[in-house]
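Residue-level listing of the chains:
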Amino acid sequence: MKIALFGTNQIQFSKVYTPEVLKKLGKYGELSQEINQKNLAENREYLADCEIAFATWGMPKFTKEEIAEYMPKLKAVFYAAGTVQYFARPFLESGIKVFSAF
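All values reported here derive from a predicted model rather than from experimental measurement.

Caption draft 1: Structural detail: the packing of aromatic side chains. If you walk through the whole model with that rule in mind, you get nine aromatic pairs. Between the aromatic rings of F78 and F99, the centroid separation amounts to 5.0 Å while the plane-to-plane angle is 10°, which identifies the pairing as stacked. Linking F78 in strand β4 (residues 76–79) with F99 in strand β5 (residues 97–100), this pair joins segments that are 21 residues apart in sequence. When its relative accessible area of 30% is taken as the criterion, F78 is described as partly exposed. Overall, the relative accessible area of 38% leaves F99 in the partly exposed class. Aromatic rings pair up to connect F6, F62, Y79, Y86, F87 and F91 into one cluster.

Caption draft 2: Spotlight on the sheet that holds β4. Read from one edge to the other, the open sheet built from five strands follows the order β2-β1-β3-β4-β5, with strand pairing classed as parallel. Here the strands that pair on one side only, and so sit at the sheet edges, are β2 (30–35) and β5. On average, each strand axis in the sheet is inclined to that of its neighbour by 20°, with strand direction left out of account. Bridge analysis of strand β3 (residues 50–55) against β4 gives four bridges, and the strand direction is parallel. Bridging across to β4, F54 finds its partner in F78.

Here is what the cut-offs are and how they apply
- In this convention, every chain numbers its residues from 1, walking through the sequence in written order.
- Totals for whole chains, interfaces and linings use all residues, but because this is a predicted model, local features are given only for residues with pLDDT of at least 70 and pairs of side-chain atoms are given and counted only at 80 or more.
- To obtain the side-chain values, all non-hydrogen atoms of the structure were included, while hydrogens and water were left out.
- Stacked, edge-to-face and tilted labels apply to pairs of Phe, Tyr and Trp rings (six-membered ring for Trp) whose centres lie within 6.5 Å, assigned for plane angles under 30 degrees, over 60, and everything in between, in that order.
- Under the DSSP-based scheme used, a helix requires at least four consecutive residues in state H or I and a strand at least two consecutive residues in state E, with every element numbered from the N terminus.
- The buried label applies to any residue whose accessible area, calculated with a 1.4 Å probe on protein chains only, is under 20% of its type's maximum; exposed applies above 50%, and partly exposed to all values in between.
- Strands are labelled as partners when DSSP assigns at least two bridges between them.
- For helices, the fitted line uses only the C-alpha atoms of the stretch in contact; every axis is such a line through C-alpha atoms, and the angle between N-to-C directions lies from 0 to 180 degrees.

Note that every value here comes from positions in space, so none of it alone points to a role or purpose.
Shown next, in the form of structure tokens:
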């Protein structure tokens, strides 16, 4: 299984997803590099097969169209922070579950 990692801020991302945490997640599938709008197109092939994603502070705001185009199999986003209000609506409207650590 391929697992997407979404982030725009390496410092914030690495506070939550430490090497130890990434190693544990890696037991469940192949992990991506940090994906955001800047490298979305270059990760098209990888994202096409992703069913789950992990993120924290610095989660990119994807549009419903980007989600449909790049993440057709995505089923869930696990957000290791609080509120999901600023990014969740397009995922929810696409039938993708969003889980917050809050």
